[in-house]
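A structural walkthrough
Below are the chains, spelled out letter by letter.
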Amino acid sequence: MLKSKTFLKKTRAGGVMKIVREHYLRDDIGCGAAGCAACGGAHEGPALEPQPQDPASSLCPRPHYLLPDTNVLLHQIDVLEDPAIRNVIVLQTVLQEVRNRSAPVYKRIRDVTSNQEKHFYTFTNEHHRETYVEQEQGENSNDRNDRAIRVAAKWYNEHLNKMSTENQLQVIFITNDRKNKEKAIEEGIPAFTCEEYVKSLTANPELVDRLACFCEEGNEIESGKIIFSEHLPLSKLQQGIKSGTYLQGTFRASRENYLEATIWVHGDTEENKELKTTVNEKMLKPTGRVVGIIKRNWRPYCGMLSKSDIKESRRHLFTPADRRIPRIRIETRQASILEGRRIIVAIDGWPRNSRYPNGHFVKNLGDAGDKETETEVLLLEHDVPHQPFSQAVLSFLPKMPWSITETDMKNREDLRHLCICSVDPPGCTDIDDALHCRELGNGNLEVGVHIADVSHFIRPGNALDQESARRGTTVYLCEKRIDMVPELLSSNLCSLRCDVDRLAFSCIWEMNHNAEILKTRFTKSAINSKASLTYAEAQMRIDSASMNDDITASLRELNKLAKILKKRRIEKGALTLSSPEVRFHMDSETHDPIDLQTKELRETNSMVEEFMLLANISVAKKIHEEFSEHALLRKHPAPPPSNYEILVKAAKSKNLEIKTDTAKSLADSLDQAESPAFPYLNTLLRILATRCMMQAVYFCSGMDNDFHHYGLASPIYTHFTSPIRRYADIIVHRLLAVAIGADCTYPELTDKHKLADLCKNLNFRHKMAQYAQRASVAFHTQLFFKSKGIISEEAYILFVRKNAIVVLIPKYGLEGTVFFEEKDKPKSRLTYDDEIPSLKIEDTVFHIFDKVKVKIMLDSSNLQHQKIRMSLVEPQIPGISIPADISNMDINEPQKKKKKLGK
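Scope of this entry: the structure provided in the associated data block. Keep in mind the model is a prediction, meaning the values are calculated, not measured.

A look at the overall build of the protein chain
Along the protein chain, the regular secondary structure elements total 22 helices and 35 strands. Partitioning the contacts of the protein chain with sequence separation of at least 6, the portion at a separation of at least 24 is 66%. When the accessible surface of the protein chain is totalled, it reaches about 45800 Å², and 48% of it is carbon and sulfur.

In structure tokens form, the structure reads like this:
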């Protein structure tokens, strides 16, 4: 059956266009109930149970299915995800509304509907002949959709009554809309609010805690004093933004100090700066206040319950692990069980008369301090997708056993005869790059970088591709890895292990012995690695006088070329910076850290790095030549001069000059900044220089004019060499494959706006992965020092603050803060000098880079926020007491104003 709608539309040119929209209605859409004779019985995918064994409900004693409306799906998703809730009908109308209003909830509900055990069924009511409704004259879209949902609920009850006369099924309509519920009851549809239904499930009282709580605006004002001023309505905000009265931007709270935040204003704001409310002459940036919120970015938060002192109280405060988030008021009858455990809470709303937002309990993660629990917390807090891959995703993996076929070799070069090897860290299973070098007959060298051809297995647009794009990157924690792609690919079929045939994407150069590139070509290939070496094993071969096999000879030549390439890069202004990285040695049984040391770098680390950089630059040039508007590139912006102030001042305090006008002058200055009496000085300066840098980002070439990579001193750059662990590389592989005629393009690959959105997500995922990795290192460092007790170590001052010094302990690559004053205690005589920079405490002066000795211990006084505590051992300062509890202290940053942020 075909429904059509015809209307006239005026074109820009002033003409009139006739538009005809067709809507097909069908009679063969099943109800989803397994065994329903009227619908033909079997259903593909998840289906409703013929005799649902749902938890007993005092309101609905008969077997039943649930049919929620849009708001229930949006706001009560935590309830619907609970294992106790099964056999739910999700209407197409509802799903479309959820998709338009909340992408995260839409993703969650799609995951639930694909879970066979949950028995959620998606019913396409908009294309069913008996459930489709047309919008009536004068009826708005919301009312039409509410009516469509009620029509579908009524049809289901009538349809299911035909299945069995002995044990008839019911469909229960779940809605929190009072008017919609009343209309449903008038039409003979069993209807309840979500709260009514959940509270009727006497066998599952814990579900009540998962109910989202919403207060009525009218009651809010009557029930107490208004604390927060009301935000402007959206209509006024949009009008003000359009006129220039208000500026729209993204609010970003400081990770270091929750009282500070910045607003990244969208678009050009130069002409609007006078509109800021107050400007401090000493500050470089104007200040303002929040007048409205266009879109909130609330998410579930991890933390701990602060149990109420009132006996039998169900209302408690939840303290988030993220210090930037205020405490949240929740109601739960499980307070005694949840006390001392990590839990997840979601925010439901923030009344204007409350100092705290309202929320509800979502999940109990486990005991605070437990390694698995804390790992789960840091993944959730940094928004790292880490759930097991769904069956929908896994269904697109190749069937095992797998081998290279003739079809796979189409448009692919067979390089399995070459002496190729990989060089990686010990224990690496996701080997995505390998190298080879051989003499050519003309006296030149052929050098190849071979990268796992992940894009062969992940095709555009399918569930595997979508999940890989969502994850964006593999996340490496201290004792586990969160893969971007399923393990079958990451550790097997795409891992370039030795002595097995693998598909690759190769970048091959012809070079002379002075590492000058004569020719460059790219090809999809098949390879067979002859060795999988660690950096130490490769270094041993290069240094060994007795080893002269083909692999060793190849490595030696590669190492010679890499040294030339590195020297040339540095001469052009590439930076060689330093950042302390630590490696934990774990106990084989308990997996607790038993030793902690900085990572050792060898020549072979640099050798691999040089050829990966060269491949990335070569590929960047190629894809930009072919796709000038649609190339995915990576840039590193030059830091603003103000970023270098601390570095310049630190060098000046040691009678050294650091020039920062260009990357080349900075690199040269750092090379010359040596002190025979202070060998570690150069390392400290390079560490400080690292802190001055901007974040490197992915971008679409058609959306930006500045391609330059500051740190590498390269005019163009991309990521090609790690497709197992970075989704950006997969897109680059696809672009390169099209450029050389090895694959075909697809629409989204040449849509620069979609590519720009993808880059935005990749940049976010990369940043969150870095934060999660640092949090993992911090947690394992805490475990290490917990077992060690109190120890003393030598350290160097990295930063001087108004009330503290930040020190680096080279032995462990560990950074920490030593405070010199305590809240609510008599203050010492502190004199801060920003120019030197230095801090005078009584008669002792501390300069940046001074050597000190500190005492290190784990401060467990606050179970929620355990941290490494440091106190000064040498030099001793007479009359100074070291703070006993630093868990709530803030570093006083020089030249920064703290502003209290409202709701």
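Side note on the sheet that holds strand β32 (residues 838-841)
Here we have three strands laid out as an open sheet, ordered β31-β32-β33, and antiparallel in their pairing. Strands with a single pairing partner mark the edges of an open sheet, and in this sheet they are β31 (830-833) and β33 (844-847). Going from strand to strand, the sheet's axes swing by 15° on average, the running direction of each strand aside. Two elements, β32 and β33, share four bridges in a ladder whose sense is antiparallel. Counterpart to L839 in the pairing with β33 is F846.

Observations concerning the pairing of strand β4 (residues 88-91)
Covered by surrounding structure in β4 are V88 and V90 together with I89 and L91, the residues of both alternating faces. Judged from the four bridges that link them, β4 and strand β5 (residues 120-123) form a sheet pairing that is parallel. Its bridge partner being in β5, V88 is matched across the sheet by F120.

Re the sheet that holds strand β28 (residues 791-800)
Taken in spatial order, the five strands make up an open sheet running β30-β29-β28-β34-β35, and their pairing is antiparallel. A strand with exactly one partner marks an edge of an open sheet, and here the two such strands are β30 (814-819) and β35 (867-874). Strand after strand, the sheet turns through a mean of 45° between neighbouring axes, direction not considered. In terms of strand pairing, β28 meets strand β34 (residues 851-859) through six bridges, oriented antiparallel. Its bridge partner lying in β34, A795 is registered against V852.

Some words on the side chain of N145
With respect to the helices and strands, the residue N145 is situated in helix α5 (residues 141-160). The exposure class of N145 is buried, given its relative accessible area of 14%. Apart from residues no more than four positions distant in its own chain, N145 is found in contact with T93 and E97.

What to know about the pattern of salt bridges
Side-chain pairing between opposite charges can occur once the charged atoms of the two side chains come close. Taken as a whole, this structure holds 52 salt bridges when the rule is applied. With a shortest N-O distance of 3.9 Å, E230 and R352 are connected by a salt bridge. You can see E230 sitting in the loop between α8 (217-222) and α9 (234-243) and its partner R352 sitting in the loop between β13 (341-349) and β14 (358-367), a full 122 residues away along the chain. On the basis of relative accessibility, which here comes to 10%, the residue R352 falls in the buried class. In this structure, R342 and E374 form a salt bridge, with 3.1 Å as the shortest nitrogen-oxygen distance. Here R342 is found in strand β13, whereas its partner E374 is found in helix α11 (residues 371-381), with 32 residues between them in sequence. In this structure R342 comes out as buried when scored by relative accessible area, which is 5%. Relative accessible area serves as the criterion here: at 11%, E374 is assigned to the buried category. Among the charged side chains, a network of salt bridges with common partners joins D430, D432, R481, D483 and R725.

What about helix α6 (residues 178-186)?
Here α6 has its buried residues at N180, K181 and A184. Buried residues of α6 fall within an arc of 100° about the axis and therefore sit on the same side. Seen from the buried face of α6, the exposed residues on the opposite side, beyond 90 degrees, are R178, K179 and E186. Against the buried residues of α6 lie α5, β6 (170-174), β7 (191-192) and α7 (194-199). The opening residue of α6 is D177, an N-cap whose side-chain oxygen sits 3.0 Å from the backbone nitrogen of K179. Where α6 ends, the next residue or the one after it, G188, has phi of about 85°, a positive value.

So, a nonpolar patch on the surface
There is a patch of nonpolar side chains on the surface, built from F251, I263, V290 and I293 and spanning about 330 Å² of accessible area. As for its position among the elements, I293 is in the loop between β9 (261-265) and β10 (301-306). The class of I293 is partly exposed, set by a relative accessible area of 33%.

Details of the environment of D143
Residue position: D143 is located in helix α5. For D143, a relative accessible area of 37% corresponds to the partly exposed category. The spatial distance from the C-alpha of D143 to the C-alpha of N180 is 9.1 Å, given a sequence separation of 37 residues.

With respect to the packing of aromatic side chains
Taken as a whole, this structure holds 13 aromatic pairs when the rule is applied. Ring geometry for F505 versus F720: centroids 5.9 Å apart, planes at 75°, classification edge-to-face. You can see F505 sitting in strand β21 (residues 501-511) and its partner F720 sitting in the loop between β27 (697-700) and α21 (727-739), a full 215 residues away along the chain. Across the pair, exposure class does not vary: F505 and F720 are buried alike. Taking 5.5 Å as the distance between ring centres and 25° as the angle between the ring planes, the aromatic pair formed by F820 and F846 counts as stacked. Taken together, the residues F820 in the loop between β30 and β31 and F846 in strand β33 connect sequence positions 26 residues apart. An aromatic cluster is built from F123, W155 and Y156, whose rings are joined through pairwise contacts. Against the face of Y698 rests R634, its NZ or CZ located 4.5 Å from the ring centre.

Conventions adopted
- Residues numbered from 1 in each chain as written.
- Predicted model: local features only at pLDDT ≥ 70, side-chain atom pairs only at ≥ 80, totals over all residues.
- Heavy atoms only, no water.
- Helix = DSSP H or I, 4+ residues; strand = E, 2+ residues; numbered from the N terminus.
- Contact = heavy atoms within 4.5 Å.
- Areas by Shrake-Rupley, 256 points an atom, 1.4 Å probe, with all protein chains shown as cover.
- Pairing = 2+ DSSP bridges.
- Axes fitted to C-alpha atoms, helices over the stretch in contact; angles between N-to-C directions.
- Buried < 20%, exposed > 50% of the residue type's maximum accessible area, 1.4 Å probe, protein only.
- Salt bridge = Lys/Arg side-chain N within 4 Å of Asp/Glu carboxyl O.
- Arc of directions from axis to C-beta.
- Polar contact = N/O pair within 3.5 Å; in protein donor to acceptor, adjacent residues only side chain to side chain.
- Patch = residues over 30% accessible without salt bridge, like charges linked within 9 Å, V, L, I, M, F, W, Y side chains within 5 Å.
- Phe/Tyr/Trp six-rings, centres within 6.5 Å; stacked < 30°, edge-to-face > 60°.
- Lys NZ or Arg CZ within 6 Å of the ring centre and 35° of its normal.

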